[in-house]
Amino acid sequence: MDLEPIPYDMQIFVCTNDRKGEKPSCGDHQGEEIFKELRRIAKERGLHPRIRVAQAKCLGQCAQGANIMVYGPSGGVWYKQMTLDDVPAFAEKYLTVKP
Ligand code: FES
């Protein structure tokens, strides 16, 4: 086992779990679509994979979806009740081109 620094400037985990209505899940709130849109923006801006947008299959807060967990240099934050409408503002905050 080797220990090394995290190879990304930031990691954004988007829950894409979809329980198809059997139980509450981020799939009820377009988690997959939010993930795809954030990944698309990160790639379009040349930030991926330095800033990695990854999908998670459950972050344990299923009734609060869609959930996003962000880990960056200054620590971690959690976004709940995200919607596709929130994506542009989220992208402006986290997916900005840095010199
Ligand atoms: S389904 Fe998204 S946190 Fe569990």
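All values reported here derive from a predicted model rather than from experimental measurement. (Residues numbered from 1 in each chain as written. Predicted model: local features only at pLDDT ≥ 70, side-chain atom pairs only at ≥ 80, totals over all residues.)

> Whenever I open this one, unusual backbone geometry confuses me. Can you help?
The phi angle of most residues is negative, glycine excepted, and most peptide bonds adopt the trans form. A cis geometry characterises the amide bond from His48 onward to Pro49, with omega recorded as 5 degrees. Within the element layout of this structure, Pro49 appears in the loop between α1 (31–44) and β2 (51–56). The peptide bond linking Gly65 to Ala66 adopts the cis configuration, its omega dihedral lying at 0 degrees. With respect to the element layout, Ala66 can be found in the loop between β2 and β3 (68–72). One non-glycine residue, Gln30, lies in positive phi territory at about 65 degrees. Mapping Gln30 onto the fold places it in the loop between β1 (10–15) and α1. (Helix = DSSP H or I, 4+ residues; strand = E, 2+ residues; numbered from the N terminus.)

> Before we go on, may I ask you to explain the sheet that holds strand β4 (residues 75–79) in this structure?
Strands in a sheet are paired, the pairing made by backbone hydrogen bonds, and the direction either parallel or antiparallel. Here four strands make up an open sheet; going across it, the order is β2-β1-β3-β4 and the pairing mixed. Each edge of the sheet is formed by a strand with only one pairing partner; in this case those strands are β2 and β4. Taking the axes of each pair of neighbouring strands and ignoring which way they run, one obtains an average angle of 15 degrees across the sheet. In this sheet, β3 lies alongside β1 in antiparallel orientation, the contact comprising four bridges. Along β3, the bridge assignment pairs Val14 with Ile68. (Pairing = 2+ DSSP bridges. Axes fitted to C-alpha atoms, helices over the stretch in contact; angles between N-to-C directions.)

> What am I meant to see in the nonpolar core here?
Soluble globular proteins tend to bury their nonpolar side chains together. Judged by nonpolar contacts, the single largest core of 20 residues is most densely connected at Ile12, Val14, Leu38, Ile68 and Leu95. Mapped by element, the contributors of at least two residues to this core are β1, α1, β2, β3 and α2 (87–94). Apart from residues no more than four positions distant in its own chain, Ile68 is found in contact with Ile12, Phe13, Val14, Tyr79 and Met82. (Core = buried A, V, L, I, M, F, W, Y, C linked by C-beta atoms within 7 Å. Buried ≥ 20, exposed ≤ 12 C-beta atoms within 10 Å, placed from the backbone. Contact = placed C-beta atoms within 7 Å.)

> What is the right way to look at α1 in this model?
In an α-helix, one turn spans 3.6 residues; hence positions three or four apart end up facing the same way. An ideal rise of 1.5 Å per residue puts 20 Å on 14 residues; α1 measures up with 20 Å between its terminal C-alpha atoms. Of the positions making up α1, those classed as buried are Gly31, Ile34, Phe35, Leu38 and Ala42. For α1, the angular spread of the buried residues around the axis is 100 degrees, confining them to a single face. Against β1, β2 and α2 lie the buried residues of α1. Of the residues one or two after α1, Gly46 is the one with positive phi, at around 70 degrees. (Expected span 1.5 Å × (residues − 1). Arc of directions from axis to C-beta.)

> Which parts of the structure should I look at to understand the pairing of β1?
For a regular strand, side chains alternate in direction, first toward one face of the sheet and then toward the other. Alignment of β1 against β2, held across six bridges, turns out to be parallel. Residue Gln11 lies in a different strand from β2, and its bridge partner there is Arg52. At this point the chain moves from β1, through α1, to the parallel β2, and the crossover so formed is right-handed. (Right-handed = clockwise from strand over helix to strand, strands pointing away.)

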